[in-house]
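Survey of secondary and tertiary structure
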Amino acid sequence: MLLDLREIIDVPGGKVSFDYEPDMKDIIGGSVIRVEEPVRATGKVTNSAGVLTFTADADIVCTCACARCLKEFEYPIHKLISVNLTEGGVGENPDGYFLQGDKIDATEIIVTETILGIDDRLLCSEDCAGLCQKCGVNLNEGKCDCKRDIDPRLEILSQLLEE
């Protein structure tokens, strides 16, 4: 969604508000499988003494695959975004986003800031046991029948337990 900021660029105290459903299909990768629709984003761009600030509040629900057991689970995200907008060229302000003329792409900012805030490896629960390395059984659902391999260097110690 392109926001037209022409009316507030030279007006300190001016603001442009928005409330829409951004297209978040680009947030796929890492543990994220898909983004559930609808996504809601509200916010505004304000001119405070000549500095344009983009603030947004986005509610997103992602379907993710657990990094240990591969089980799908829902991962809700409530993202608060606050970034500065600049008119300069590339390299002048690495912390801000650049205006496209007198417009800004709100979806680009929301998607980028959301992607930067999601871990690559998400877990379905903190105590997820994962999968058995031999047979692939989900260890959260029960134990497997696999016999544990003993490191050959430590095999002599297992004889102490037998006596």
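Everything here concerns the structure above.
Conventions adopted
- Residues numbered from 1 in each chain as written.
- Predicted model: local features only at pLDDT ≥ 70, side-chain atom pairs only at ≥ 80, totals over all residues.
- Heavy atoms only, no water.
- Helix = DSSP H or I, 4+ residues; strand = E, 2+ residues; numbered from the N terminus.
- Rg over C-alpha atoms; globule rule 2.2 N^0.38 Å.
- Buried < 20%, exposed > 50% of the residue type's maximum accessible area, 1.4 Å probe, protein only.
- Contact = heavy atoms within 4.5 Å.
- Lys, Arg positive; Asp, Glu negative; His and termini not counted.
- Charge placed at Lys NZ, Arg CZ, Asp CG, Glu CD.
- Pairing = 2+ DSSP bridges.

Details of the overall build of the protein
What the protein contains, in helices and strands, is two helices and seven strands. Listing the helices and strands of the protein from first to last along the sequence gives β-β-β-β-β-β-β-α-α. Its C-alpha atoms give the protein a radius of gyration of 24 Å, more than 25% over the compact-globule value 15 Å for 163 residues. Over its C-alpha atoms, taken along the principal directions, the protein stretches across nearly 85 × 35 × 20 Å. Buried positions account for 34% of the 163 residues belonging to the protein. Looking at the protein alone, contacts between residues at least 24 apart form 57% of all its contacts between residues at least 6 apart. Computed over 16 positive and 31 negative side-chain charges, the inter-centroid distance for the protein is 5 Å.

A look at the sheet that holds strand 3 (residues 32–48)
Judged by pairing direction, the sheet is mixed, and its five strands sit side by side in the order 2-3-4-5-6 without closing on themselves. Among the strands making up the open sheet, the edge pair consists of strand 2 (15–20) and strand 6 (97–98). Bridge count for strand 3 against strand 4 (residues 51–65) is 13 bridges, and the pairing is antiparallel. Bridge assignment links Val-32 to a residue of strand 4, and that residue is Cys-64.

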